[in-house]
Amino acid sequence: MAWQFVTLKLRLMAGALRGSPARLAGLIVAGVAGLYAMPAAFALLAALHGREVAAGTGVLVFTAVAVNWALLPLFAFGTDETLDPARLALLPLRRRTLTVGLFAAALTGIGPVVTFVVLLGVVAAVADSPGSVAVGVLAAALNLALCVTASRALTTGFSRLLRSRRGSDAGLIAGALLVAVTVVAGNIALRAQAARGGLGREVDAAAGIARWTPPGMLAHAIGDAARGAYPLAFAGLAAGAVSVLALLWAWVALLGHALTSQDGQSRGARRRSAGAAAPAAVRVVPAAGSAAAAVPHPPAGVSRARAVAAKELRYTWRDPRRRAAWLGLATALLITLSAAGLATDGLARSSGAVLAVAACYPGVLAGVQAANQFGLDGGALWLNVAATWRARQLRADLAGKNLACALVAVPFFTALYAALGLAVHQVRYPAAGLGLSIAALGVSLGIASIASVLLPYPVPDRRASAFGGGGTGRGCLAALTSAGILVLAALLLSPLLAALATLHAGPWLLVAGPSYGAAVAWAGRAIASGLGYRRLPELLAEVSRTV
Amino acid sequence: MACSDRTAPPAVAARGLCKRFGSRIAAAGVTLLVPAGSFCGLVGPNGAGKTTTLSMMTGLLRPDAGTVEIAGRDVWRDPVGVKAVIGVLPEGLRLFERLSGRELLGYLGRLRGMPAAEVDARADELLAVLDLARDARTLVVDYSAGMRKKIALAAALLHNPRVLFLDEPFEGVDPVSAQAIRAVLDAYTASGSTVIFSSHVLELVESLCDFVAVMSGGQILTFGTLAQVCQGRPLQQAFLSIVGAPAQQHGRLTWLGNSSR
């Protein structure tokens, strides 16, 4: 039966590529990249064989791969929802059949294959006897299973929180904080241990902590087997296997709940505010309009942008997919800032370079998630298209979307850097960081506007997962788009960074940063509206496709 | 499949089904006993709770309270057993869009554990009868609304269910496709199987069904044979008097139309 799920998934992947050259191109690019990267990663790891750091590195690679699998879908790309479990709801499938089948389908794809090869690289580095190779292959397989089940269980669990009623938003924030705090705690523990062991022992210090996590225990089992300590090795494997089973169980239990219950909040919200949900293009939403009411006749573009922004803000709150995006962003920021050690001593003596990277990152990330503005509108985009007969109107729509994004991101950044300022008892670097992050936001929003009209794709709204990617081949293209935006943003930010290198970091960036960012965002909108207005029908057709 | 006699347990026995979404009550104690072998129409205004009720009966939506039994099996205690004997054409039609029509049927049959040869033979026959044979290799995502209804009906019938649930099977379907669906349903019920379907098209309910349930505000207002419910009136009239039509509103919408321009 599991085989049926695997072939079903393969058929769906093939179907998704039918008649879509862009998706096919994305898949080919990813495939070629994988073909080069896989042997390279394997060889790099295998080259560690016999070195002292091999065991420690192995533990870290196993752990890092698992953590990335578990957390990355929450921040970017989503999980592979090619096989949407909701479509199986009517079939008489036993819990066990369903679990095994969905698991097998989740293992089918490019990502799992690449991951497995990388994990085998660790086996090549650490194992040195036939017995330990056998244990190693088993450990790698179990770790892959751990990766897949952890990512599914987490996205399904978070989706449940995202889709639930308001009360659970506290739980959601708590979850995000928990993840961030865990990372910070790990960071601090690592520093403490590295300090005891002296410099250059970071790998062993980190591995000393990571080895007690399930993936770490699996990796450690390979070393145990290599040393001939087979009972210890089997204990490690057993611990990994138990973790996999527990995660599988949690995933399917959460899934079962997700598929037989309905989204309470959105139904309620729809009913309560049917008026507010009306097409933004033809109606100024009262909440945003109250301040505007004092101004007699704002220019058409301004009122339109304001209406779109109000609609976007409502959607940010009500659409699980958007909440998922912001949640991921917030967690990512907390993790990076804390993991970079900025919260403690790093910032006080930070050079311009550290500041630049740390501050640009949040802004660019916030911008990247706007790279598919119209995809989230989906088929409803026709409401705007029907009310658009000039490129300027599209520009106003984009301005509204940018405004909504800034209204969420800027207060968040401000709070973040204010907290940082309090933590390090100074103003200069946090202020500069805030200015820089807003500049990065503006710059990436400008690029994202252009990407939105050139490379739109539909975003499925699935019951089981708010983190679904755009489907087969789409994930690769989305990843390439994000990478492209990152590179372009870095290029466009370079004048500001050059200025930062010559002048001292300081509050002047609070003026220069937002001004520069706003200018680039404005230019991006101007270009995007010109390009997009001509291909509005194609844009609508692309984002309305059922995935 | 054996024809059921009237002493057999009801094909569908829903008792006290309740469901609440936030502050809105979608089903407020729905009780419905549908005899085996009947063709039962579920009618009611928009928002009456028809889809919610059908979803709870078919194991797609967990009720807050109440029980559902299909042919004597509890839907929520024995979901596997129940899903094996029911066919559902749900609202929203969530299908694997990226399979062709024939692939879709093939997979659904295999996932139900049916022999592959049997699945393929039945799939071809269903596709032919429903006039989908020419589009058997087209992806479902490229199907029209009527074709989607037809392929979903084929999926619901593939395993020869004992009870068939149809949520608005004729909505958005052209007359030609509607005729094809009707012919299949006629053949299906002639064998003594049970059908429950919801619809707004009262003429259709009147001509197809032998039992009618009228729903409003999350409750069954009336249930009985067509003659019992209609009491000599056309179903349209009987329905409006049971549900209660709103009074005509005069003096509204005066801005609408040519005269005010």
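Worth saying up front: this structure is predicted, and the values here are computed from it rather than measured.

## Brief notes about the overall build of chain B
Of regular secondary structure, chain B possesses nine helices and ten strands. Here the C-alpha atoms of chain B give a radius of gyration of 20 Å, agreeing with the 18 Å that 2.2 N^0.38 yields for 261 residues. If one aligns the C-alpha atoms of chain B with their principal axes, the spans along those axes are about 65 × 55 × 40 Å. A fraction of 70% describes how many contacts in chain B between residues 6 or more apart in sequence connect residues 24 or more apart.

## Thoughts on the confidence of the model for chain A
Here chain A averages 78 in pLDDT, while 75% of its residues score no lower than 70. Across chain A, the element-wise mean pLDDT spans from 41 in helix 11 (residues 264–272) of chain A up to 93 in helix 22 (residues 508–534) of chain A.

## Focus on helix 19 (residues 391–424) of chain A
Helix length check: helix 19 of chain A, at 34 residues, gives a terminal C-alpha distance of 47 Å against a target of 50 Å (1.5 Å per residue), a fit within 8%. One or two steps after helix 19 of chain A, the chain reaches H425 of chain A, where phi turns positive at roughly 55 degrees.

## Things to note about unusual backbone geometry
Residue and element names in this part refer to chain B. The backbone phi angle of D131 is positive, close to 60 degrees, even though this residue is not glycine. By secondary structure assignment, the location of D131 is in the loop between helix 4 (116–129) and helix 5 (145–157). One non-glycine residue, N160, lies in positive phi territory at about 50 degrees. Tracing the chain through its elements places N160 in the loop between helix 5 and strand 7 (163–167). The exposure class of N160 is partly exposed, given the 13 C-beta atoms found within 10 Å.

## Comments concerning the interface of chain A and chain B
The interface of chain A with chain B comprises 25 residues on the first partner and 25 residues on the second. At the level of elements, helix 1 (2–17) and helix 11 of chain A are the ones that each hand at least two residues to the side of chain A that touches chain B. Considering every element that reaches the side of chain A that touches chain B, the biggest residue donor is helix 1 of chain A, with six residues. Of the residues assigned to the side of chain A that touches chain B, the class counts are ten nonpolar, nine polar and six charged.

## Details of the packing of helix 5 of chain B against helix 6 (residues 175–190) of chain B
Residue and element names in this part refer to chain B. Running from amino to carboxyl end, helix 5 crosses helix 6 at an angle of 15 degrees, the nearest separation of the two axes being 10 Å. By the angle between their directions, the pair helix 5 and helix 6 is classed as roughly parallel. In terms of crossing hand, the pair formed by helix 5 and helix 6 is left-handed. Contact with helix 5, carried on its side by G146, K149, K150, L153 and L157, involves S177, A180, I181, V184 and Y188 of helix 6 and no other residues of that element.

## Structural notes on the sheet that holds strand 6 (residues 86–89) of chain B
All names here are of chain B. Sheet architecture is open: six strands sit in the order 6-7-8-3-9-10, paired in mixed fashion. Whereas interior strands pair on both sides, the edge strands pair on one side only; in this sheet they are strand 6 and strand 10 (219–225). When strand polarity is set aside, the average angle formed by the axes of neighbouring strands in this sheet is 15 degrees. One ladder, built from four bridges, connects strand 3 (residues 39–43) with strand 8 (residues 194–198); its direction is parallel. When the bridges of strand 8 are listed, L42 appears paired with S198. Of the strands in this sheet, strand 6 and strand 7 are in contact with helix 5, which crosses strand 6 at around 170 degrees. Here helix 9 (residues 235–243) sits on the sheet and contacts strand 3, strand 9 (211–216) and strand 10; the angle it forms with strand 9, its principal contact strand, is near 35 degrees.

## Details of the nonpolar core
Core analysis: the largest hydrophobic core is formed by 150 residues, its most contacted members being A139 and I222 of chain A together with L104, A154 and F165 of chain B. Beyond its immediate chain neighbours, meaning those up to four positions away, A139 of chain A contacts L218, A219, A221, I222, L237 and G240 of chain A. Grouped together as the second largest cluster of nonpolar side chains are 64 residues, L329, A399, A432 and I450 of chain A included.

## Considerations on the environment of L95 of chain B
Positionally, L95 of chain B belongs in the loop between strand 6 and helix 3 (101–111). Accessibility expressed as a C-beta count within 10 Å gives 21 for L95 of chain B, which makes it buried. L95 of chain B has contacts with R87 of chain A together with L104, V140 and A152 of chain B, leaving out every residue within four places of it along the chain.

## Section: the environment of A523 of chain A
Residues and elements named next belong to chain A. One can find A523 in helix 22. Take A523: there are 15 C-beta atoms within 10 Å of it, and that puts it in the partly exposed class. For the pair formed by A523 and A66, sequence separation is 457 residues and the distance between their alpha carbons is 41 Å.

## Let's talk about the pairing of strand 6 of chain B
On a regular strand, each side chain points to the face opposite its neighbour's, so the side chains alternate between the two faces of the sheet. All names here are of chain B. Burial along strand 6 is two-sided: I86 and V88 and G87 and L89, pointing in opposite directions, are all buried. By the bridge criterion, four bridges tie strand 6 to strand 7 in an arrangement that is parallel. In the strand pairing of strand 7, G87 is matched with L164.

## Focus: the packing of helix 13 (residues 300–318) of chain A against helix 19 of chain A
Residues and elements named next belong to chain A. Where helix 13 contacts helix 19, the axes come no closer than 7 Å and their chain directions differ by 45 degrees. The orientation of helix 13 with respect to helix 19, classified from their angle, is oblique. For the pair helix 13 and helix 19, the sense of crossing is right-handed. Along the contact surface, helix 13 presents G301, R304, A305, R306, A307, V308, A309, E312, L313 and T316, while helix 19 presents R392, Q393, A396, D397, A399, G400, K401, L403, A404, L407 and V408. Residues of the contact of helix 13 with helix 19, tallied by class, amount to eleven nonpolar, four polar and six charged.

Reading guide: rules and limits
Residues numbered from 1 in each chain as written. Chains lettered and ligands numbered in written order. Predicted model: local features only at pLDDT ≥ 70, side-chain atom pairs only at ≥ 80, totals over all residues. Helix = DSSP H or I, 4+ residues; strand = E, 2+ residues; numbered from the N terminus. Rg over C-alpha atoms; globule rule 2.2 N^0.38 Å. Contact = placed C-beta atoms within 7 Å. pLDDT = per-residue confidence, 0-100. Expected span 1.5 Å × (residues − 1). Buried ≥ 20, exposed ≤ 12 C-beta atoms within 10 Å, placed from the backbone. Nonpolar A, V, L, I, M, F, W, Y, C, P; charged D, E, K, R; others polar. Axes fitted to C-alpha atoms, helices over the stretch in contact; angles between N-to-C directions. Parallel < 35°, antiparallel > 145°, perpendicular 65-115°, else oblique. Left-handed = near helix turned anticlockwise from the far one by under 90°. Pairing = 2+ DSSP bridges. Core = buried A, V, L, I, M, F, W, Y, C linked by C-beta atoms within 7 Å.

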